There are 2 protein chains.
Amino acid sequence: MDDHTRVLSIQSHVCSGYVGNRAATFPLQLLGYDVDVINTVQFSNHSGYGRLKGTRTDADQLANILHGLEENGLLRPGRLLTGYVPGAAALMVVAELARKLRDRNPELIYLLDPVMGDDNKIYVAPECIPIYKDLLDCATIITPNWFEAELLTGVKLESESTLREALRILHTLHGVPHVVISTVLPTPELAASLPAHVLAPQTNGLPEHSPYLGDVQLVVSSSVLPEDERKDGKVSTVHVGSVKQIKGYFSGVGDLFSALVLAHFPGRSDPPPPAPDTPLSRATARAVASVQGIIVSTHHYVQTLPEEERPETDQELDGQDGERRVRRMRARELRLIQGREYILNPDERGKMGGRMVPWTDFWEL
Amino acid sequence: MDDHTRVLSIQSHVCSGYVGNRAATFPLQLLGYDVDVINTVQFSNHSGYGRLKGTRTDADQLANILHGLEENGLLRPGRLLTGYVPGAAALMVVAELARKLRDRNPELIYLLDPVMGDDNKIYVAPECIPIYKDLLDCATIITPNWFEAELLTGVKLESESTLREALRILHTLHGVPHVVISTVLPTPELAASLPAHVLAPQTNGLPEHSPYLGDVQLVVSSSVLPEDERKDGKVSTVHVGSVKQIKGYFSGVGDLFSALVLAHFPGRSDPPPPAPDTPLSRATARAVASVQGIIVSTHHYVQTLPEEERPETDQELDGQDGERRVRRMRARELRLIQGREYILNPDERGKMGGRMVPWTDFWEL
């Protein structure tokens, strides 16, 4: 009696602000999911502030809570979402749970967000990397950023051919049916091989040439579908979209994104999207549109604050003045609650930049 | 720079099901509040199941988290909500926080739900009772059930005169401006003195004489308004409503109710409701309507389950078979997520029974 609208989400909890379970739970609930929430930490705030207080849920405590749920018949989710888990011992407990739920229910939709690092920096214990690799064959969907995709595959993502190699490893070697890679930088080589219009100007609801528009990043979705003919070398159906980046860093964006991909990924009884979309490309488009809407509205909110409350990202000035960094973090907490409309009605073909374009010749050499 | 749409909620967390912060947070978020969430426990499920696993946040850990929030300028809520806190030491930390926030911001709206017991049973440490009494002068609104109102005042609530005595103690001795007493039983003596129509048949959306309609309970709201003329013996403006009870027990109802009273209580800049409503009577009416809608839809859901999944409340049979109790608890978890519409659009004058009738002669002897 698994419940297809029930998600079990295992991530961190911050009392104030929106990362981890605090970024994932409310959007999933708003979209109609019962969310069972296991918190791997309880911290006052996210680590970006530079200082925080709180406690971790250790491996034994985690196993104990799972035991309590199991004893009461409460471990029957239709969907599983795992994100940042501090430490290899706790991650092992999560991995064991994922295997158990997978064995118990082959239809389980497990979104594994292999949170390991970003921007060439690893922020988990190195022992976590092999645990994540081992766990890949259990996942339905994974949502690494480009750096995590590199860590998982050992392939440097800088061209179409290396992207192809990485996706082949994830789909074929590790058996992951659905992969979304986010924050891929369009190197000149990669940009040259993209389908037409992917990099066409997108204003994301902002005036074009707006001073606060940053770089463009790519998001790639790749699904192994029954109709994909492996004998011609085609491994999967690939879509790609571009997202214009708002300057500066917003915490919790990845956690919000993975929750929304899971929320919009259809169950077995839901109708598939019309071609050329795949279930994953549509879920990705919707997630991108919602996330982008919330980032843009957070950015607009920041602009309304007094100047001293919204310092720009500047590591050097932050180093001289810890309060400066704290003020920026406070100002830039995602406007998740005020952005309910972006979650309920993602404009996946619209100005917020959630279009996913079929990359039809991706596997053609 | 306090944030009037920011609530700090300090209650328990259960991984599965809806009590404490799990009953309070989502409704407040759905109604537009940023909610900072401090969890006083992390348990697998609520105690009604008869077995649970998890950890408590002890007094030191609680103080530590508050310190982290304070350090980062994150302790500036416009509203404070406190519910079940296990143990006197942790409750002392909460009380100290409430005093600090009150001193810092005289406009703080503090809803204190003095969770101590129900149905003549106390389920906190006895040392908690004097701490709650001491804390009353800090509260803007309190939402005791009838048993907790008796514990706080020492008055047995069984007639209009004893209710008057209890409200006088809470308003005058303890200085609480707004009091809601829920689950008051209409004894024959009390029923005889109610305003007309309070006990008139209300169907709550169910067929009248429906076999699963239980007893009627009363909810009383009482606000000290500037225009209340104390010299004539009038202490406050009182409203009363009746709620038909659905058979059996649903956990988390009180926590959901208090969160909704806080959510609907207007801030200083919000327009007051038209007479004869008071801000509190309208907030109470809306909260009752939403809660009743969710209870009724949970009840309807339970009826759709296979018979063995929904045993009736029966302590004796539960004693013989622990699984029986667990099955009932699972089936009767509040349908909070599915009941979003009841939260967004409470039908406070409608069939769900949220009408609050002015009790105009309440203070006349």
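Residues numbered from 1 in each chain as written. Chains lettered and ligands numbered in written order. Predicted model: local features only at pLDDT ≥ 70, side-chain atom pairs only at ≥ 80, totals over all residues. Heavy atoms only, no water.

You'll find chain A entered in an unreviewed UniProt entry as pyridoxal kinase, with Dacryopinax primogenitus given as the organism. Under the UniProt heading Sequence similarities (unreviewed entry), the note attached to chain A is "Belongs to the pyridoxine kinase family." (UniProt positions renumbered as here; feature names shortened; annotations may be inferred.)

Caption draft 1: Examining the pairing of strand 5 (residues 109-112) of chain B more closely. Residues and elements named next belong to chain B. Covered by surrounding structure in strand 5 are Ile109 and Leu111 together with Tyr110 and Leu112, the residues of both alternating faces. Looking at chain direction, strand 4 (residues 77-82) and strand 5 are connected through four bridges and run parallel. Pairing of Thr82 across the sheet is with Leu112, part of strand 5. Taken together, strand 4, helix 3 (residues 88-104) and strand 5 constitute a β-α-β crossover, and its handedness is right-handed. By the bridge criterion, two bridges tie strand 5 to strand 8 (residues 141-142) in an arrangement that is parallel. Its bridge partner being in strand 8, Leu111 is matched across the sheet by Ile141. (Buried < 20%, exposed > 50% of the residue type's maximum accessible area, 1.4 Å probe, protein only. Helix = DSSP H or I, 4+ residues; strand = E, 2+ residues; numbered from the N terminus. Pairing = 2+ DSSP bridges. Right-handed = clockwise from strand over helix to strand, strands pointing away.)

Caption draft 2: Seen up close, the pairing of strand 1 (residues 3-14) of chain A. Residues and elements named next belong to chain A. Of all 12 residues making up strand 1, nine are buried, and the element is well covered by its neighbours. Sheet topology note: the strand 1/strand 4 (residues 77-82) ladder contains five bridges and is parallel. Pairing of Ser9 across the sheet is with Leu81, part of strand 4. Where strand 1 meets strand 2 (residues 34-43), eight bridges bridge the pair, whose relative direction is parallel. Bridged to His13 within strand 2 is Gln42.

Caption draft 3: Fine view of the side chain of His178 of chain A. Residue and element names in this part refer to chain A. If you trace the backbone, His178 turns up in strand 9 (residues 178-184). Look at His178 and you get buried, because its relative accessible area is 11%. Side-chain polar atoms of His178 contact the side chain of Ser223, separated by 2.7 Å. Not counting the four nearest positions on each side in its chain, His178 is found in contact with Thr140, Ile141, Ile142, His171, Ser222, Ser223, Phe265 and Leu280. (Polar contact = N/O pair within 3.5 Å; in protein donor to acceptor, adjacent residues only side chain to side chain. Contact = heavy atoms within 4.5 Å.)

Caption draft 4: The arrangement of the UniProt feature "domain: Pyridoxamine kinase/Phosphomethylpyrimidine kinase" (unreviewed entry) in chain A in detail. Under the present numbering, the feature "domain: Pyridoxamine kinase/Phosphomethylpyrimidine kinase" (unreviewed entry) in UniProt falls on residues 94-182 of chain A. What you have in residues 94-182 of chain A is 46% helix and 17% strand, and the ends, taken at the C-alpha atoms, are 23 Å apart.

Caption draft 5: The arrangement of the relation of the copies chain A and chain B in detail. After a rotation of 180° and a shift along the axis of 0.0 Å, chain A superposes on chain B with an RMSD of 0.0 Å. Considering both components of the superposition, the chain copies are consistent with a two-fold axis. When C-alpha positions in chain A are compared against the rotation axis, the closest is assigned to Phe26 of chain A, at 3.4 Å. Of the interface residues in chain A, 100% have counterparts in chain B that sit at the interface too, so the contact is made through matching surfaces. (Least-squares fit on C-alpha atoms with pLDDT ≥ 70 in both.)

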